[in-house]
Amino acid sequence: MNESVPLQKEFLTFSHIPVLSEELIQGLSISPQGYYLDATVGGGGHSASILTTFPSVRIVAIDRDEWAIAAAREKLREYGEERVEFWQGNFAEYPGLKEKFDGIIADLGVSSPQLDQAERGFSFRQDAPLDMRMDRSQGLTAADIINYWDEAELAKIFFEYGEERLSRRIARQIVQQRPFQSTLELADAIARCVPGKYRYGRINAATRSFQGLRIAVNDELGSLEKFIDQAPHWLKPHGKIAIISFHSLEDRIVKHRFRESALLKVISKKPIIAQPEEQQRNPRSRSAKLRFAERLIATN
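## Section: the overall build of the protein
Stage number 1. Helix and strand counts for the protein stand at 13 helices and 7 strands.
Stage number 2. Relative to its length of 300 residues, the protein is compact, with a C-alpha radius of gyration of 20 Å against a globular reference of 19 Å.
Stage number 3. Along the longest, intermediate and shortest principal axes, the C-alpha atoms of the protein span 60 × 40 × 40 Å.
Stage number 4. Residues counted as buried form 54% of the 300 residues belonging to the protein.
Stage number 5. Summarising the internal contacts of the protein: among those between residues at least 6 apart in sequence, 72% fall at separations of at least 24.
Stage number 6. Here the protein has roughly 14600 Å² of accessible surface; of this, 49% comes from carbon and sulfur atoms.
Stage number 7. Here the protein holds 41 positive side-chain charges and 41 negative ones, and the gap between their average locations is 6 Å.

What follows is the structure, encoded as structure tokens:
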């Protein structure tokens, strides 16, 4: 098990613009005495929006990232400890409470501050160790997968999680060239093994492979499936669950799990997307999709 990395003072700002905030608050129909779970608190933006609606609203705030928890504590400090409770860990492992929630929210994927902190290894824009862990206390890193998993496993990650059509070629190149230590080493190897038109296309040639690797390191899709299976049990009757996703793999899981749950009724047949003004103000919102479901009344 790796030791937890000390918090950096400058990261406590965790400057992150939450997406679809107005649509989220409107869809949740916040109760004046409401009790809510923010399963991915990040910098605390969505939690702050919920807490400002009524003075008696309470929140349980979760995140896997100790830096995000530290930043959220600072941002939400003004609301008092009696209104905000923190829990660090994977939302799929949250034990739930005896008291049920009026609403649950989750804003999925990697956040802007995580991408911007080079040492986290999420991005190839700066050279950094191959890390990609959202929870720095977990053992498995991107370097472990890249340097020790076999070629077929790597190709599967890139194809299924990154939706990379050249997954086999990229996996073969990686196995031939490894070991890799840094993000730029890996990105360069990927760029060198793909056709020129692919290398200089609309997105970086390594983008899809890095997405697949990050999802594998953090078991993001498996955790999401488990979370959606468990979360309805934590809701009061008529309580709402709202999930914001940023790529088709996540959105597909949310859509189908909501629809298939015996405890939920889908209340957004189509995903809610950001308005043009928000997309212009915050480019990250362009790929965001918000879906709602409501807890059905329990029957014997």
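Structure's up, so let's keep going.
## Brief notes about the packing of helix α6 (residues 151-161) against helix α7 (residues 167-177)
A packed helix pair is summarised by two numbers, namely the angle formed by the two axes and the spacing between the axes.
Stage number 1. Direction vectors running N to C along α6 and α7 enclose 135°, while the axes themselves pass 8 Å from each other. Of the possible angle classes, the one that applies to α6 and α7 is oblique. Our pair here, α6 against α7, has a crossing hand that is right-handed. When α6 is examined against α7, the residues E151, L154, A155, F158 and F159 are found in contact with a partner set consisting of S167, R168, I170, A171, R172, I174 and V175.

Criteria and cut-off values
Residues numbered from 1 in each chain as written. Predicted model: local features only at pLDDT ≥ 70, side-chain atom pairs only at ≥ 80, totals over all residues. Heavy atoms only, no water. Helix = DSSP H or I, 4+ residues; strand = E, 2+ residues; numbered from the N terminus. Rg over C-alpha atoms; globule rule 2.2 N^0.38 Å. Buried < 20%, exposed > 50% of the residue type's maximum accessible area, 1.4 Å probe, protein only. Contact = heavy atoms within 4.5 Å. Areas by Shrake-Rupley, 256 points an atom, 1.4 Å probe, with all protein chains shown as cover. Lys, Arg positive; Asp, Glu negative; His and termini not counted. Charge placed at Lys NZ, Arg CZ, Asp CG, Glu CD. Axes fitted to C-alpha atoms, helices over the stretch in contact; angles between N-to-C directions. Parallel < 35°, antiparallel > 145°, perpendicular 65-115°, else oblique. Left-handed = near helix turned anticlockwise from the far one by under 90°.

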